[in-house]
Amino acid sequence: MNRMALCRLILLFFSLSFLVPSLDASEGDADPIYKACLEECEKSGCVGERCFQHCNFSSDGKPIDGLWYLQEPLYQKWKQWDCRTDCRYHCMLAREEQREKLGDKPVKYHGKWPFRRVYIWDPGS
C-alpha cells in the first residue's frame, strides 16, 4: 500500500470516528446525586443513616488503621462486598427510591439494572 492510500485510509477512519456516538457511562453513573452520594460514602462509610462496619473511620473522617480497602476481610474482597461496592449498592438503592417517588423509571448503574441483593450462602460455591 503506498503512502497516499495509507493517508486516505487514516483520514477516512478519523472522519468516521466523529459519526460514532461517544461512549458514556450508564445513565445512573452520570447522575450528579448518585456521584455525590458515592463521594460522601467513600469519605464517611455511610449512606444516609446506614453505616458499614467494615468502613472504619474516625470522627474527623480519616480511616482508622490505614486505608479502608486494606482493612477489609479477605472473604469480603472475594465476594466483592467491600466498602466501595457497598457504597455503590446502597447509593444506587437510595437514588432509585428517589427516582421511583418522582415517577421516573429505573436506570442502569455500572452497566447493570438495579436489583436488590439476595443473601444466600451456597456451600458449593
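The rules behind the values
Residues numbered from 1 in each chain as written. Predicted model: local features only at pLDDT ≥ 70, side-chain atom pairs only at ≥ 80, totals over all residues. Heavy atoms only, no water. Disulfide = S-S within 2.5 Å. Helix = DSSP H or I, 4+ residues; strand = E, 2+ residues; numbered from the N terminus. Buried < 20%, exposed > 50% of the residue type's maximum accessible area, 1.4 Å probe, protein only. Salt bridge = Lys/Arg side-chain N within 4 Å of Asp/Glu carboxyl O. Contact = heavy atoms within 4.5 Å. Phe/Tyr/Trp six-rings, centres within 6.5 Å; stacked < 30°, edge-to-face > 60°. Core = buried A, V, L, I, M, F, W, Y, C linked by side-chain atoms within 4.5 Å. Patch = residues over 30% accessible without salt bridge, like charges linked within 9 Å, V, L, I, M, F, W, Y side chains within 5 Å. Areas by Shrake-Rupley, 256 points an atom, 1.4 Å probe, with all protein chains shown as cover.

Caption draft 1: Here's a closer look at the state of the cysteines. For the structure shown, the criterion picks out three disulfides. Covalently, C41 is tied to C87 through a disulfide, its sulfur atoms 1.9 Å apart. Linking C41 and C87, the disulfide has an S-S dihedral of approximately -75° and is accordingly described as left-handed. In this pair, C41 sits in helix α3 (residues 32-44) while C87 sits in helix α6 (residues 83-101), placing the two residues 46 residues apart along the sequence. Judged by its relative accessible area of 0%, C41 falls in the buried class.

Caption draft 2: Spatial organisation of the pattern of salt bridges. Applying the stated criterion across every chain, the model contains four salt bridges. The partner of D31 in a salt bridge is R95, and the shortest N-O contact between them spans 2.4 Å. Of this pair, D31 sits in the loop between α2 (27-30) and α3 while R95 sits in helix α6; the two residues are 64 residues apart in sequence, bridging distant segments of the chain. Both residues of the pair, D31 and R95, belong to the buried class.

Caption draft 3: How the structure looks around the side chain of H90. With respect to the secondary-structure elements, H90 resides in helix α6. Residues within four places of H90 in sequence aside, it is in contact with V47, R50 and F52.

Caption draft 4: Local environment of the side chain of R99. Residue position: R99 is located in helix α6. R99 has contacts with D104, K105, V107 and Y109, leaving out every residue within four places of it along the chain.

Caption draft 5: Just the packing of aromatic side chains, in detail. Per the counting criterion, the structure on display carries one aromatic pair. Ring plane angle 55° and centroid distance 4.9 Å describe the contact between Y34 and Y109, whose orientation is recorded as tilted. Of this pair, Y34 sits in helix α3 while Y109 sits in the segment after α6, and the two are 75 residues apart along the sequence. Across this residue pair, the class does not change: Y34 and Y109 are buried.

Caption draft 6: Structural detail: the nonpolar core. Within the largest apolar cluster, 14 residues are counted, with the highest numbers of intra-cluster contacts made by Y34, C41, F52, C87, C91 and M92. Mapped onto this core, the elements with two or more residues apiece are α3 and α6. Per element, the largest residue contribution to this core is six residues, and it comes from α6. Residues within four places of C91 in sequence aside, it is in contact with Y34, C37, L38, C41 and V47.

Caption draft 7: Local environment of a nonpolar patch on the surface. Together, L6, L9, I10, L12 and F13 make up an exposed nonpolar region whose accessible area comes to about 480 Å². Among the structural elements, L6 can be located in helix α1 (residues 3-17). Residue L6 is classed as partly exposed on the basis of its relative accessible area, which comes to 42%.

Caption draft 8: Quick look at the environment of L93. Within the element layout of this structure, L93 appears in helix α6. Residue L93 is classed as buried on the basis of its relative accessible area, which comes to 12%. Here the alpha-carbon distance between L93 and V47, two residues 46 residues apart in the chain, equals 10.0 Å.

Shape is all these values report; function is a separate question.
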